[in-house]
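Reading the structure
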Amino acid sequence: MIRVGVNGYGTIGKRVADAVEAQPDMTVAGVAKTQPNFEAHTAVELGYPMYTAIPERAPLFAEAGIETAGVVDELVADVDVMVDATPSGIGADNKSLYASYHTPAIFQGGEDAGVAETSFNARSNYDKARGADSVRVVSCNTTGLSRVVAPLEEEYGVEKVRATLVRRGGDPSQNTRGPINDILPNPIEIPSHHGPDVQTIFPGLSIDTMGLKVPATLMHVHALNVTLETDVTAAHVRQLLDEQSRIYVIPEGIGLDGAGKLKDFALDAGRPRGDLWENCLWGESIATEGRDLYLFQAIHQESDVVPENVDAIRAVTETAGATESIRRTNETLGVGLSGDPSGFGADQVEASRADD
């Protein structure tokens, strides 16, 4: 049983903790928080041992009625792997802590690529993370782009990727983010940071990216133009992408014409927190002209990296190969939407009912 610690129990950390606990070969040994807010109370109610990320704040947890198991250093010393889900930049500060206890660490995409030995996407470069002391699961947008690039590269070869990313202003809980009423080139410089980040997964890939930020919290939307090395048909590309377990090719005729309806779709399907772990790619947007491919996809920024974190844990502990880990993660979490309007196949519906 792989003992996992989670440092940071916010948007990503709480989802990773729940995903880890769902695995037959893993357990959450504890989570660390800086303050005794509602998320800390929730963690304790779920049975996760609570550790204080800042030792001096331990009395605040006691005052809030939260029993702690110790300080974060003790958690790091006790686990097989640490998942760092702290805010961007804090993970880099924590790196020396994990190294001092020789505990492998998994960082998130908000950190610079140099924080870890390798950047990671399960579909694209799982084996590079096997046995590594530090791994960086790339950002939600890079994860979404990598899941599309990998099968295209394998099947057709990729000459050039051009992507425009329409990005949410903030997560639903980030009430200090914006814009409130604006459309911002973000960043104004071209390319945006997303292209170089994809190149940490696909070295040498020719990719240009542009970013916009809009007043929405639901999801990101990507507009992609990929020049392939061979002529293709839209039907062949659609079949290829439909075969990818973490890409949901949205069928025509069921009314999923935007991010808002996709979120309703996930909630109606019984997904925890309304999460969409898959790329949501509009099938009718897939178009080709010679070697040029065009498509739209939506990326749920709060959850698409969650299965990747689970797979990264197995990679650094060398407890499963890529195919087996991805299959196991998908099965335990219920990754893999179908074309059925319910969003789930029959087995997944029964599983969600059993959970209720």
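This text goes with the structure placed above it.
Note that this is a predicted model, so its numbers are computed, not measured.

Observations concerning the sheet that holds strand E5 (residues 81–84)
Judged by pairing direction, the sheet is parallel, and its eight strands sit side by side in the order E4-E3-E2-E1-E5-E6-E8-E7 without closing on themselves. Taken across any chain shown, the strands that pair with only one partner, and hence form the sheet edges, are strand E4 (70–71) and strand E7 (118–120). Summarising the sheet, strand E1 (residues 2–7) and strand E2 (residues 26–33) pair through six bridges and their orientation is parallel. Of the residues in E2, the one forming a bridge with arginine 3 is threonine 27. Helix-sheet contacts for helix H1 (residues 11–21) involve E1, E2 and E5, and the interaxial angle to E2 is about 160°.

Considering the environment of aspartate 84
Mapped onto the secondary structure, aspartate 84 falls in strand E5. Along the chain, aspartate 84 and isoleucine 106 lie 22 residues apart, while their C-alpha atoms are 5.9 Å from each other.

Let's talk about the nonpolar core
Grouped together as the largest cluster of nonpolar side chains are 43 residues, with contacts concentrated most on Val31, Ile106, Phe120 and Ile313. Listed by contribution, the elements that provide at least two residues to this core are E1, H1, E2, helix H2 (38–45), E5, strand E8 (134–137), helix H11 (306–317) and helix H12 (322–333). In terms of residue count, H11 provides more of this core than any other element does, six residues in total. If you look at the next biggest cluster of nonpolar residues, it comprises 29 residues, including Val138, Tyr156, Val198 and Val232.

Some words on the packing of aromatic side chains
Given two aromatic rings, their pairing is described by the distance between the two centres and the angle made by the two planes. Going through the model one piece at a time under the given rule, you end up with four aromatic pairs. Between the aromatic rings of tyrosine 9 and tyrosine 48, the centroid separation amounts to 6.2 Å while the plane-to-plane angle is 70°, which identifies the pairing as edge-to-face. Of the two residues, tyrosine 9 sits in the loop between E1 and H1 while tyrosine 48 sits in the loop between H2 and strand E3 (50–52), which places them 39 residues apart along the sequence. Like tyrosine 48, tyrosine 9 is buried. Here the aromatic rings of tyrosine 248 and phenylalanine 265 are separated by 5.7 Å at their centres, their planes lie at 15°, and the arrangement is stacked. Residue tyrosine 248 is found in strand E13 (residues 247–250), and its partner phenylalanine 265 is found in helix H10 (residues 259–268); the two are separated by 17 residues along the sequence. On the basis of relative accessible area, phenylalanine 265 is assigned to the buried category, the value being 7%.

Quick notes on the packing of H1 against H11
Contact pair H1 / H11: the axes reach a minimum separation of 9 Å and the direction vectors enclose 55°. Between H1 and H11, the angle is such that the two are oblique. Both H1 and H11 take part in a crossing whose hand is right-handed. Every residue of H11 that contacts H1 at Arg15, Val16, Ala19 and Val20 is listed here: Val306, Asn309, Val310 and Ile313.

Conventions we followed
- Residues numbered from 1 in each chain as written.
- Predicted model: local features only at pLDDT ≥ 70, side-chain atom pairs only at ≥ 80, totals over all residues.
- Heavy atoms only, no water.
- Pairing = 2+ DSSP bridges.
- Helix = DSSP H or I, 4+ residues; strand = E, 2+ residues; numbered from the N terminus.
- Contact = heavy atoms within 4.5 Å.
- Axes fitted to C-alpha atoms, helices over the stretch in contact; angles between N-to-C directions.
- Core = buried A, V, L, I, M, F, W, Y, C linked by side-chain atoms within 4.5 Å.
- Buried < 20%, exposed > 50% of the residue type's maximum accessible area, 1.4 Å probe, protein only.
- Phe/Tyr/Trp six-rings, centres within 6.5 Å; stacked < 30°, edge-to-face > 60°.
- Parallel < 35°, antiparallel > 145°, perpendicular 65-115°, else oblique.
- Left-handed = near helix turned anticlockwise from the far one by under 90°.

Any functional reading would require information that these geometric values do not contain.
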